[in-house]
Amino acid sequence: MPQFNWTPQTLFSLTHETWKASAVQAGLSLGLFGAIAALGAGATAAKVAQKAKTDPRATAALLTALVALELVERAGETFSLPEFSLAYLVEESPDYFGHILLHTGHLAPAWANLAQTVKSGKKHEPPVLADAAAREAWEKKRFRSFLMGMYNVASLQAPLLAQAVDLAGAQSLLDLGGGPGTYAAAFCAANPNLKAVVFDRPGSAELAQEVLAKYQVADRVSFVGGDFLESPLPQGFDAVWLSQVLHGESAANALKLVQRAAETLKAGGKLFIQEFVLDDDRRGPLGPALFALNMLLQTDGGAAYAYGEIREMMEKANIASVREISAPLPPGNRVLWGVRAA
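Fair warning: this is a prediction, and the values are worked out from it, not measured in the lab.

(A) Inspection of the overall build of the protein chain at higher detail. A tally of regular secondary structure across the protein chain gives 13 helices and nine strands. Here the C-alpha atoms of the protein chain give a radius of gyration of 22 Å, agreeing with the 20 Å that 2.2 N^0.38 yields for 342 residues. Along the first, second and third principal axes, the C-alpha set of the protein chain runs to 70 × 50 × 45 Å. Counting only residues that meet the buried cut, the protein chain has 43% of its 342 residues in that class. Once local pairs closer than 6 in sequence are excluded, the contacts in the protein chain between residues at least 24 apart make up 69%. Element-wise, carbon and sulfur atoms account for 57% of the exposed surface of the protein chain, whose accessible area totals about 17,700 Å². Charge centroids of the protein chain, computed over 29 positive and 33 negative side chains, lie 2 Å from each other.

Following this line, the structure appears as structure tokens:
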């Protein structure tokens, strides 16, 4: 059955989808949700603009759009937030979900130049800020939204996968390329005898501590910084979790990474790989197909790999009995696993 019923009207509606996302991203970036929450009663457009240091007329227009999206409420000339927005769109909330939205907003200029990337075959190169301090601040902001955006997404799936991934008897796990350690934390929370090591770029360590504290497993999860393709990796694990990392690498580097991950395992240890996986006939699913374009824009050789390609990488890395975990994941998001042969 076709997934889409394309008509001229549905084609036109695509413009509204990008506009909706841009409106929410602007509200987050400018701190409008936080400003409304902080002002409380009497949060007029003028007062919100004053607190957010934005133009009053333009702020009023954006607030109107956010009201139409039902993310802001309006009574006369004053604005307030519904419970959903208070929980997920105000940065001070422990359930804040804005990081991933800001991250996708940072990707928007590259997507606007998709045609040029397809024509040239070269990834999008953002303009370089001349001022070194401004450039450093911007990169730090982008890195935080990326890493914590990955936390936002993983926090939805990690508790489900912690129940589906069989770690019975495992005492040690390596979360390779684990960023802020969301999965390591969830696995340890679900397996009291498990200890984990998160390996990622050194800059991830500070954010990892925030996440581990939320899961109350900081005493059982340690962090090691380095380059997962070049740096020495810790060894002797019962299990390795490699989640949403391969798509950022070329086919050659992806194979190298799978082999390096397998080498950290004890004989009989389990390697788990979660990815946006294309069907072998490359007709979909839509999510991995679109994500492949994102990798085309953002990396020098990254791609969404097909099920058979990942399976072959694992088998070349001496991982046997490769199969798939059944778990309630978004379409195209799959977990393959196997056992390191003796």
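Having put the structure on the table, let's press on.
(B) Inspection of the packing of aromatic side chains at higher detail. Applying the stated criterion to the full structure yields eight aromatic pairs. Judged by centre distance (5.3 Å) and plane angle (25 degrees), the ring pair of phenylalanine 4 and tryptophan 6 falls under stacked. With a relative accessible area of 41%, phenylalanine 4 lands in the partly exposed category. A ring pair is formed by phenylalanine 187 and tryptophan 241, whose centres lie 5.0 Å apart and whose planes are at 80 degrees; its orientation type is edge-to-face. One end of the pair, phenylalanine 187, is in helix 9 (residues 182-190); the other, tryptophan 241, is in strand 6 (residues 237-243), with 54 residues separating them in the sequence. Its relative accessible area of 0% is what places tryptophan 241 among the buried residues. Here the basic side chain of arginine 323 rests over the ring of tryptophan 337, its NZ or CZ set 4.0 Å away from the ring centre.

(C) Looking closely at the pairing of strand 3 (residues 172-176). For strand 3, the buried fraction is high: five of the five residues fall into the buried class. What you see with strand 3 is no split at all: Ser172, Leu174 and Leu176 on one side and Leu173 and Asp175 on the other are buried throughout. Alignment of strand 3 against strand 4 (residues 195-200), held across five bridges, turns out to be parallel. Residue pairing in the sheet places aspartate 175 in a bridge with valine 198 of strand 4. Handedness of the β-α-β unit built from strand 3, helix 9 and strand 4 comes out right-handed.

(D) Structural context of the pairing of strand 5 (residues 221-225). Of the pairings in the sheet, the one linking strand 4 to strand 5 comprises five bridges and is parallel in character. From the neighbouring strand, phenylalanine 199 faces strand 5, where its bridge partner is valine 224. Between the parallel elements strand 4 and strand 5, the chain passes through helix 10 (residues 205-215) in a crossover that is right-handed.

(E) Spatial organisation of the layout of surface pockets. Size it by volume and the second largest pocket reaches roughly 320 Å³. Along the wall of the second largest pocket there are 18 residues; nearest its centre are Leu28, Ser29, Glu91, Tyr96 and Leu102. Of the residues belonging to the lining of the second largest pocket, the class tally is seven nonpolar, seven polar and four charged.

(F) Focus on helix 3 (residues 45-52). For helix 3, every residue scored as buried is listed here: Ala45, Val48, Ala49 and Ala52. When helix 3 is viewed along its axis, its buried side chains cluster within an angular range of 100 degrees and face the same direction. Lining the buried residues of helix 3 we find helix 2 (32-39), helix 4 (56-68) and strand 2 (78-80). Positive backbone phi, at 60 degrees, marks lysine 53, one or two positions downstream of helix 3.

(G) Looking closely at the pattern of salt bridges. By the definition in use, this model includes twelve salt bridges. The residue glutamate 17 makes a salt bridge to lysine 20 at a minimum N-O spacing of 3.1 Å. Residue glutamate 17 and its partner lysine 20 are both found in helix 1 (residues 8-29); the two are separated by three residues, about one turn of the helix. Classification of glutamate 17 by relative accessible area gives partly exposed; the value is 43%. For lysine 20, a relative accessible area of 37% translates into the label partly exposed. Among the ionic pairs, glutamate 324 bridges to arginine 334, the shortest N-O distance being 2.9 Å. With a gap of ten residues between them, glutamate 324 in strand 8 (residues 319-324) and arginine 334 in strand 9 (residues 333-340) connect regions that are remote in the sequence. A single salt-bridge network, built from bridges that share partners, covers Asp279, Glu324 and Arg334.

(H) Local environment of a nonpolar patch on the surface. On the surface, Phe4, Trp6, Leu11, Leu14, Trp111, Leu286 and Leu290 cluster together into a nonpolar patch covering about 660 Å² of accessible area. For the nonpolar patch, the secondary-structure elements that each account for two or more residues are helix 1 and helix 12 (286-298). Residue position: leucine 11 is located in helix 1.

Calculation notes
Residues numbered from 1 in each chain as written. Predicted model: local features only at pLDDT ≥ 70, side-chain atom pairs only at ≥ 80, totals over all residues. Heavy atoms only, no water. Helix = DSSP H or I, 4+ residues; strand = E, 2+ residues; numbered from the N terminus. Rg over C-alpha atoms; globule rule 2.2 N^0.38 Å. Buried < 20%, exposed > 50% of the residue type's maximum accessible area, 1.4 Å probe, protein only. Contact = heavy atoms within 4.5 Å. Areas by Shrake-Rupley, 256 points an atom, 1.4 Å probe, with all protein chains shown as cover. Lys, Arg positive; Asp, Glu negative; His and termini not counted. Charge placed at Lys NZ, Arg CZ, Asp CG, Glu CD. Phe/Tyr/Trp six-rings, centres within 6.5 Å; stacked < 30°, edge-to-face > 60°. Lys NZ or Arg CZ within 6 Å of the ring centre and 35° of its normal. Pairing = 2+ DSSP bridges. Right-handed = clockwise from strand over helix to strand, strands pointing away. 1 Å grid on protein atoms, 1.4 Å probe; cavity = no way out; pocket = protein on both sides within 12 Å on 5 of 7 lines; lining within 4 Å. Points joined across faces, edges and corners; volume = space filled by probe spheres on them. Nonpolar A, V, L, I, M, F, W, Y, C, P; charged D, E, K, R; others polar. Arc of directions from axis to C-beta. Salt bridge = Lys/Arg side-chain N within 4 Å of Asp/Glu carboxyl O. Patch = residues over 30% accessible without salt bridge, like charges linked within 9 Å, V, L, I, M, F, W, Y side chains within 5 Å.

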